[in-house]
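Understanding the architecture of this molecule
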Amino acid sequence: MIMNRRYLLLLLTVGVLFGYTTAGFAQNTTIHGEITDARTGDTLPGVNILVKGTTTGTSTDSEGNYEFTVPSLQDTLVISFIGYETQEVPINGQTNIDITLDPQAIMGEEMVVVGYGEQQRNDLTGSVESINTEDLPTSSAKNLTEVLSGRVAGLNLTGGNSSAGDQASLQVRGQNTLSAGSSPLIVVDDIIFHGSLNDINMADVENINVLKDASAAAIYGAQAANGVVIITTKDGGSGEPTINFNSYVGVQDHTNHPVDYMNGQEYAERLVNYQYIADLYNWYDTNPTGPEDNGGRPAYPDISDPDVVTSYLKSQEEVEHYLAGDEVDWMNEITRTAPVQNYNLNVSGGTENMNYYVSGSHTVEKGVLKNDDFTRNTLATKVNADVTDWMTVGVNSSYSNRDYSGISASLNSAETVTPLASVVDENGNYPTRYNSESFMAHPLRYNLIDNKDVRNYFSIKPHAEIEIPPIEGLSLDLNYSYNLNTRTNKTSRPDEVQEALATGGEVEASNFEETNTLINSIAHYDRDFARDHSVNLTLLFSREQREGESSSLYAERFDNQSLGYNAPSFGQNSTVGGGAYEETSLAYMTRLNYGFKDKYLLTGTIRRDGYSGFGSNNKYATFRSISTAWVMSNERFMSGIDSEDLLKLRISYGENGNQGVGRYASLQRLSTAAYVHGSTRTIGLFASSLGNSNLSWETTSSLNVGVDYSFLKSRLSGTVDLYTSQTKDVLVRRTLPGATGYQNVWTNIGAIDNKGIDVSLSTVNVKGSLRWESNFIFSLNRDKLSKLYGDGEDDIGNQWFVGEPISAIYDYKRTGELWTEEDLYNGDIDKGFYPGQFKLEDLNNDGEITAGADRTIVGYGKPNYRFSISNSLYYGNFSLSFLLRSIQGGSDYFIRNNRELLEASSDFDYAQRVNQPAVREYWTPFNGVTNAPAVYNYPSVESGHYQNRSFIRLQNVSLRYNFDKSILTSVGVKGLQVYVNGKNLYTWTNWSGYDPELASQNALMMRSITAGVDLSF
């Protein structure tokens, strides 16, 4: 009996234990709880609760309570609510789970860096676009321009990705100048940046703000006419250290638009056709009225007979390769599938009174062209400490080492060299030339060159922030910056390389060093009065000094070339050079922001700038701006809209300057010249440029009207900006008559008008377990040269035309048809033209094509408009994003002369001397071709072959997977994601070159596919 009781007790105990241990695995268990605001404690109705990785979920009721059944008590809940940070909460066997949510910055509440301070977006009165890098899809961006491309309306990027270490050029809105610099001002952590954007490690960047209108950029006055890009780097965190490691590896090749050049057979037949058309044109000169006149049209050679074809070839080597059927695909020889890799490690953390951030990166990129290599190493530190409750001090430092050593294979030579050749000769060496032709240098000859090109950038920025305790709201910021840029470039060219063949080998070496020091003293006064009034006053004094020096050496005629640039004294002839410069800028600025009831906002700025580079009569200039905004969504008559929604109207007007000329452009300069005085060689001085004591600033005045909006609880948001601007006193390097003894002089003449529209739209299309977000941007700009020299005359030499866009193209206009033999026989052909040449419009109908009467504006090089569309989809731990970017022409916009690729060139007899493109078949009397002239093409009047460069590019695709934190925590990992990224994957275009954006026969746009990991612990 006792034994039975013991068995019963044992069974009961086991049952209880079994039930307890399996409770965590029970199915369909009900959980409940309350969700509140972490800041106010208020309950939150309508909060979404989902079981991670499933569609099971619910939402809180009007009292903030929830209750629903979950598949397992070991699942994780995903809590999301607009305006609050999304949380993941492990159930951990609980059935009662109360949760608090942290509010996030909604549109209008997030802080925006505006230069020498920051404001809530809701308080901005100017046109400012922001990018937070945490909001971007995970990508393998090598530099800042890759991140910005297609992300900001009105920020236009051109080029980039054509070589290892390459970066795009930036332009904000339209072109405001003719000869001065047109790039925006770059500011990093409140300090004007003078390095390369490649010096910045993208992993260190927290956010980017683009100041587009005159009001927003006015605080930078003389340097802000082309807009401002403000970059803010990451600060340290708080608490225990967090270590983050990010790395990706991948491969690059060129985009999907290769250009075909003639193979061996086509190359040989071209030489036959060239001579045949030359003979044919001689017959045309006899003015035949039919194909049988004057002895009849010349007979076409029998190209099926190898002996006939080889008789036209240029060398015995070509004959041997042709008969053997051997040929070289030079594009395959000079290109490669190139690896790319990046490693980034950073550590951040802090205590109650200090924080720190330290990062380092290593990037190795190889370009598509062989011997195109780039290596970069960066190091950055950022430390801030609260010395007292009223003083914070800190120091930022960064270092970048960029190595571009090596000269890439010659794409131009690969396009022109004969395919009937061998890559190496019988000794395994590269032939210097083929066919003894100077235009047929070996495409891989630069492999023989020893080149060292290393660039270093160092910056240190100590700063202090001091609150003045006796005066509430008053604080001082003191910033100092020291920057050092250096470059060493050394090149040894042996005499096996064509460029050094005549000089017996040559060496070039140059060294460059520039230092920049900047001091900013900033006072802030920020107070609210009587609840309804807010005032923010900023005062600035800034002084910047820039010094640089350079040296150079050239030597040639080496008997012993083995030491190259390490022993330039071995050269028989040598020259040395050098230079130095100094420039100074000075600025005072006052900015006042006033707000009334968070509805009516006003900003006024005045800045006075001085620059040593301008004339003695115009060293200083003053720039002013004013802007206002009305937050309509805060008015009572719009009280029915959601508190998260926004509607704001902005109007601004202001002036900015451009000092983008040479630091000594206003001065008359001297150059040296050697002459013989008696029996002595003497170095003399002569005036080489004309000074201008009145040289002054370009000034751009602009008006901007904008609307910021956010509706449907931020599911639909964006901005619309309309702007117009005029630049006066345009800086121009004006050509002078030869009788003056000078070629040109810098002066202020003319005016340029700009107008346009920027549109951005963000939408949340689908919410729930699947989330789909979209972003759309659109920009259109029109510029016009409204005034030039004041006499109403155009400058045809520079292609500047009053009343027309700056990018106007002045040329003869083609009809689109070729002259035919029937036109010749009928006597209808224009004087100086032959069948197989393009017809040109005779604008004055005099039967002749002349430069003075028959040229006109045929189109414009600038785009008609730009747009991009990005989409991001989130499901469970997966996210997928892609970006389509487009630049469009139409209406004769965005065209370029592509004659070099589409027609046989008459320049230097290229069509006979070098290989030719095989994009279009060339005209003969027998083949019916109507869109390309004959290969022997020497029209009496040259004209361009213009093509539209419009394109749509699949620019970025990213697929990412985030591992569950509940799994990672058990192994001490805070976060882990893996991703795959593709760039420039496909381009849709009718352009007939390698890439419509680069529009160059000497550059390839690269595409890449990479895989990476992002790990935090």
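These figures come from a predicted structure and were not determined experimentally. (Residues numbered from 1 in each chain as written. Predicted model: local features only at pLDDT ≥ 70, side-chain atom pairs only at ≥ 80, totals over all residues. Heavy atoms only, no water.)

Each assigned domain of the chain is listed here: domain 1 (29-101) and domain 2 (111-235). Averaged C-alpha coordinates put domain 1 and domain 2 at centres separated by 40 Å. (Domains from an automatic or database assignment.)

What follows concerns the UniProt feature "domain: TonB-dependent receptor plug" (unreviewed entry) in the chain. In the numbering adopted here, UniProt assigns the feature "domain: TonB-dependent receptor plug" (unreviewed entry) to residues 122-228. End C-alpha atoms of residues 122-228 are separated by 20 Å, and the span's content is 8% helix alongside 25% strand. (UniProt positions renumbered as here; feature names shortened; annotations may be inferred. Helix = DSSP H or I, 4+ residues; strand = E, 2+ residues; numbered from the N terminus.)

Further remarks concern the sheet that holds strand E4 (residues 65-70). The strand order across the open sheet formed by 3 strands is E4-E1-E7, and the pairing between neighbours is mixed. Lying at the two open borders of the sheet, with one neighbouring strand each, are E4 and strand E7 (99-101). Ignoring which end each strand starts from, the neighbouring axes of this sheet average 35° apart. One ladder, built from 3 bridges, connects strand E1 (residues 29-37) with E7; its direction is parallel. Bridged to Ile-35 within E7 is Ile-99. (Pairing = 2+ DSSP bridges. Axes fitted to C-alpha atoms, helices over the stretch in contact; angles between N-to-C directions.)

Turning next to the nonpolar core. Among the nonpolar cores identified, the biggest contains 36 residues, and Leu-313, Trp-330, Ile-334, Leu-411 and Tyr-994 are the most heavily contacted of them. Of all the secondary structure elements, the ones that give two or more residues to this core are helix H4 (264-284), helix H6 (316-324), helix H7 (330-334) and helix H8 (411-416). Apart from the residues lying within four places of it in its own chain, the contact partners of Leu-313 are Ala-268, Leu-271, Glu-318, Val-319, Tyr-322 and Leu-420. In this structure, Leu-148, Phe-193, Ile-231 and Tyr-457 belong to the second largest nonpolar core, which totals 24 residues. (Core = buried A, V, L, I, M, F, W, Y, C linked by side-chain atoms within 4.5 Å. Buried < 20%, exposed > 50% of the residue type's maximum accessible area, 1.4 Å probe, protein only. Contact = heavy atoms within 4.5 Å.)

Take the packing of aromatic side chains next. Applying the stated criterion to the full structure yields 33 aromatic pairs. Put simply, the rings of Tyr-274, Tyr-281, Trp-283, Tyr-284, Tyr-825, Tyr-834, Tyr-936 and Tyr-938 pair up and form one aromatic cluster. Between Arg-782 and the ring centre of Tyr-893, over which it is positioned, the NZ or CZ distance is 4.3 Å. Over the face of the ring belonging to Phe-951 we find Arg-953, whose NZ or CZ atom lies 4.8 Å from the ring centre. (Phe/Tyr/Trp six-rings, centres within 6.5 Å; stacked < 30°, edge-to-face > 60°. Lys NZ or Arg CZ within 6 Å of the ring centre and 35° of its normal.)

The subject of this paragraph is the sheet that holds strand E16 (residues 228-233). The sheet built from 5 strands is open, its strands ordered E10-E15-E16-E13-E14 with mixed pairing. Only two strands of the sheet have a single partner each, and these edge strands are strand E10 (128-132) and strand E14 (191-192). In terms of strand pairing, strand E13 (residues 185-188) meets E14 through 2 bridges, oriented antiparallel. Within E14, the position partnered with Val-187 by the bridge is Ile-192.

Here we take up the layout of surface pockets. Within this model, the second largest pocket holds a volume of roughly 850 Å³. Lining the second largest pocket are 35 residues, with Ser-183, Pro-184, Leu-185, His-194 and Arg-546 positioned closest to its centre. Listed by contribution, the elements that provide at least two residues to the lining of the second largest pocket are strand E12 (169-172), E13, strand E25 (533-558), strand E26 (571-596) and strand E29 (646-658). Tallied by class, the residues present in the lining of the second largest pocket amount to 12 nonpolar, 19 polar and 4 charged. (1 Å grid on protein atoms, 1.4 Å probe; cavity = no way out; pocket = protein on both sides within 12 Å on 5 of 7 lines; lining within 4 Å. Points joined across faces, edges and corners; volume = space filled by probe spheres on them. Nonpolar A, V, L, I, M, F, W, Y, C, P; charged D, E, K, R; others polar.)

According to the stated counting rule, one finds 41 salt bridges in the structure shown. One salt bridge in this structure joins Asp-253 and Arg-1007, with 2.9 Å as the shortest N-O distance. Separated by 754 residues along the polypeptide, Asp-253 in strand E17 (residues 239-254) and Arg-1007 in strand E48 (residues 1006-1016) bring together distant segments of the chain. Among the charged side chains, a network of salt bridges with common partners joins Glu-129, Arg-173, Lys-212 and Asp-758. (Salt bridge = Lys/Arg side-chain N within 4 Å of Asp/Glu carboxyl O.)

In this structure, Ile-460 sits in strand E22 (residues 450-467). A relative accessible area of 31% places Ile-460 in the partly exposed class. Each C-alpha atom, one on Ile-460 and one on Gly-993, is 45 Å from the other, the two residues being 533 residues apart in sequence. Each residue touching Ile-460, except ones within four places of it in the same chain, is listed here: Val-395, Asn-396, Ser-397, Tyr-480, Ser-481 and Tyr-482.

The grouping of Asp-260, Glu-266, Asp-326, Glu-327 and Asp-329 at the surface amounts to a negative patch. With respect to the helices and strands, the residue Asp-260 is situated in the loop between E17 and H4. (Patch = residues over 30% accessible without salt bridge, like charges linked within 9 Å, V, L, I, M, F, W, Y side chains within 5 Å. Areas by Shrake-Rupley, 256 points an atom, 1.4 Å probe, with all protein chains shown as cover. Lys, Arg positive; Asp, Glu negative; His and termini not counted. Charge placed at Lys NZ, Arg CZ, Asp CG, Glu CD.)

Mapped onto the fold, Val-340 is located in strand E18 (residues 338-350). A sequence separation of 69 residues divides Val-340 from Ala-409, and the C-alpha atoms of the two residues are 18 Å apart. Excluding residues that lie within four positions of it along the chain, Val-340 makes contacts with Lys-142, Tyr-248, Val-249, Gly-250, Val-251, Gln-252, Val-364, Glu-365 and Thr-1010.

One non-glycine residue, Arg-531, lies in positive phi territory at about 65°. Note on placement: Arg-531 falls in the loop between strand E24 (506-529) and E25. One non-glycine residue, Phe-894, adopts positive backbone phi at about 60°. Here Phe-894 lies in the loop between strand E43 (878-888) and strand E44 (895-897). Here Phe-894 falls in the buried class, since its relative accessible area comes to 4%.

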